[in-house]
Amino acid sequence: MSKKILYEGKAKQLYETEKPSELIQFFKDDATAFNKKKHEIIDSKGVLNNLISEYIFIYLDKNNISNHFIKRLSPREQLIKRVEIIPIEVVVRNIAAGTFSQRFGIDEGKHLPKTLIEFNLKDDENDDPLVSEEHMKVFGWAKSDEIEIMKKNALQINMLLSDLFKKINITLVDFKIEFGRFHSKNVSEIILADEISPDSCRLWDMSSNEKLDKDRFRRNIGGLIEAYKEVATRLEIDLSNI
Ligand code: UDP
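What counts and what doesn't
- Residues numbered from 1 in each chain as written.
- Predicted model: local features only at pLDDT ≥ 70, side-chain atom pairs only at ≥ 80, totals over all residues.
- Heavy atoms only, no water.
- Phe/Tyr/Trp six-rings, centres within 6.5 Å; stacked < 30°, edge-to-face > 60°.
- Helix = DSSP H or I, 4+ residues; strand = E, 2+ residues; numbered from the N terminus.
- Lys NZ or Arg CZ within 6 Å of the ring centre and 35° of its normal.
- Pairing = 2+ DSSP bridges.
- Axes fitted to C-alpha atoms, helices over the stretch in contact; angles between N-to-C directions.
- Near = heavy atom within 4 Å.
- Polar contact = N/O pair within 3.5 Å; in protein donor to acceptor, adjacent residues only side chain to side chain.
- Areas by Shrake-Rupley, 256 points an atom, 1.4 Å probe, with all protein chains shown as cover.
- Nonpolar A, V, L, I, M, F, W, Y, C, P; charged D, E, K, R; others polar.
- Parallel < 35°, antiparallel > 145°, perpendicular 65-115°, else oblique.
- Left-handed = near helix turned anticlockwise from the far one by under 90°.
- Contact = heavy atoms within 4.5 Å.
- 1 Å grid on protein atoms, 1.4 Å probe; cavity = no way out; pocket = protein on both sides within 12 Å on 5 of 7 lines; lining within 4 Å.
- Points joined across faces, edges and corners; volume = space filled by probe spheres on them.
- Buried < 20%, exposed > 50% of the residue type's maximum accessible area, 1.4 Å probe, protein only.
- Salt bridge = Lys/Arg side-chain N within 4 Å of Asp/Glu carboxyl O.

Visitor: What should I look at first to understand the packing of aromatic side chains in this one?
Guide: To describe a pair of aromatic rings, you give the distance between the ring centres and the angle between the ring planes. If you walk through the whole model with that rule in mind, you get 2 aromatic pairs. When the centroid spacing of 5.0 Å and the interplanar angle of 55 degrees are considered together, the rings of F100 and F104 count as tilted. Of the two residues, F100 and F104 are both situated in helix 2 (residues 98-104); the distance of 4 residues between them amounts to about one turn of the helix. The aromatic ring of Y15 is capped on one face by K3, whose charged end is 5.0 Å from the ring centroid. Above the face of the F182 ring, K81 is positioned so that its terminal group lies 5.0 Å from the ring centre.

Put into structure tokens, the structure is as follows:
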């Protein structure tokens, strides 16, 4: 029996399972940037992101960050809890880079005085506009208490991931996360969803500042798979089947 596809995104697909509370998240090899204006298939990217995201979600779970990951099903698939995605990309920044550097005219690489959290509406047609907490409340994208939970979790995740990457000589420059509402019985809980991988983080080698993330694709640097493999190898992820 073929599985029913529920959602197709730029880099992932979601399929239904027999259990209404569980889905399968499938990692594709598609790489996109600038709202799909740039698009390529990069062999093995999906497998690497599946493994790296799994590693990070298990690490976060061990550190009390509830998330949607249940287990790996295949090199490209993981079983996840079904959530109602909050349509907001939560971006955490330690160092200026990318669109943030352009927006404020701050040199890429400048450390911010304090960790910054930004919110973008998930809306490809309008290029994921930057939104404020007031926008989220007024338009009903997230409630006050949900925003507080997302902010608290985002800072905690930043501390945990900065620490994890520091141990393998990598600087966590910035990253994007998404949250969902997990409904079970009579309770609804906000949990971390989506993925955390070099597609959604900026990771710089601490010694050379070499980019080990999707900027290699966005900026036509090349060597994306080698960089993702380097991150996975430093995390001691088994790559023998790739
Ligand atoms: N990011 C992402 N998906 C997006 C936009 C950004 O995963 O649709 C990540 C990006 O990889 C980086 C961080 O969020 O780690 C901040 O991205 P920025 O706003 O600087 O945008 P970019 O320059 O990447 O377009």
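Visitor: Explain the sheet that holds strand 3 (residues 22-27) to me, please; I cannot follow it from the model alone.
Guide: The strands making up a sheet associate through hydrogen bonds between their backbones, and the pairing can be parallel or antiparallel. Within the open sheet, the 5 strands sit side by side as 1-2-3-7-6. Their pairing is antiparallel. Each of the sheet's edge strands pairs with one partner strand only, and the pair in question is strand 1 (5-8) and strand 6 (69-74). With strand direction ignored, the average angle separating the axes of adjacent strands in the sheet is 25 degrees. Pairing between strand 1 and strand 2 (residues 12-16): 3 bridges, direction antiparallel. Following the sheet pairing, I5 is matched in strand 2 by Y15.

Visitor: In this structure, what is going on with the site of the ligand? I would like to understand it.
Guide: Around the ligand, a shell composed of 15 residues is seen, among which R93, T99, D174, R202 and R218 lie nearest. In the model, an oxygen atom of the ligand is placed 2.6 Å from a nitrogen or oxygen of the D174 side chain. Contact distances for the ligand include 3.5 Å between an oxygen atom and a backbone N or O atom of D199. The protein chains hide 80% of the 490 Å² of surface that the ligand would expose on its own. Contributing elements (two or more residues each) for the shell around the ligand: strand 9 (88-95), helix 2, strand 12 (170-184) and strand 14 (201-205). The residue inventory of the shell around the ligand, partitioned by class, reads 4 nonpolar, 3 polar and 8 charged.

Visitor: Would you mind going over the packing of helix 1 (residues 45-62) against helix 6 (residues 224-234) with me for this structure?
Guide: Between two packed helices, what matters for the description is the angle formed by their axes and the separation of those axes. The interhelical angle for the contact between helix 1 and helix 6, taken along N-to-C directions, is 20 degrees, at an axis separation of 10 Å. What the angle tells us is that helix 1 and helix 6 run roughly parallel. At the point where helix 1 passes helix 6, the crossing takes the left-handed sense. Residues K45, L48, N49 and I52 of helix 1 lie in contact with helix 6, whose contacting residues are L224, I225, Y228, K229, V231 and A232. Residue composition of the contact of helix 1 with helix 6, grouped by class: 7 nonpolar, 1 polar and 2 charged.

Visitor: What exactly am I supposed to notice about the layout of surface pockets here?
Guide: Empty space among the atoms becomes apparent when a probe as large as a water molecule is rolled across them. Considering only enclosed or pocket space, the second largest pocket measures out at about 200 Å³ in volume. With 5 residues, helix 1 is the largest single contributor of residues to the lining of the second largest pocket. Grouping the constituent residues of the lining of the second largest pocket by class yields 8 nonpolar, 3 polar and 3 charged.

Visitor: What's the story with the pairing of strand 4 (residues 30-33) in this structure? I'm lost.
Guide: Looking along a regular strand, one sees the side chains alternate between the two faces of the sheet. Because side chains alternate across strand 4, one face comprises the buried residues D30 and T32, and the other comprises A31 and A33, equally buried. Counted between consecutive antiparallel strands, the loop separating strand 4 from strand 5 (residues 38-41) contains 4 residues, among which F34 sits at a positive phi close to 50 degrees.

Visitor: Looking at this structure, how should I read the pattern of salt bridges?
Guide: Close approach of charged atoms lets side chains of opposite charge pair. The final tally for this structure, using the stated rule, is 32 salt bridges. Two residues, D163 and K167, come together in a salt bridge whose shortest N-O distance is 3.4 Å. According to the relative accessible area criterion, D163 is partly exposed, its value standing at 37%. Overall, the relative accessible area of 67% leaves K167 in the exposed class. We note a salt bridge from R202 to D215, for which the minimum N-O separation is 2.7 Å. With R202 in strand 14 and D215 in helix 5 (residues 215-218), this pair connects stretches of sequence that are 13 residues apart. Judged by relative accessible area, which is 11%, R202 ranks as buried.

Everything listed is a geometric property; what it means functionally is a separate question.
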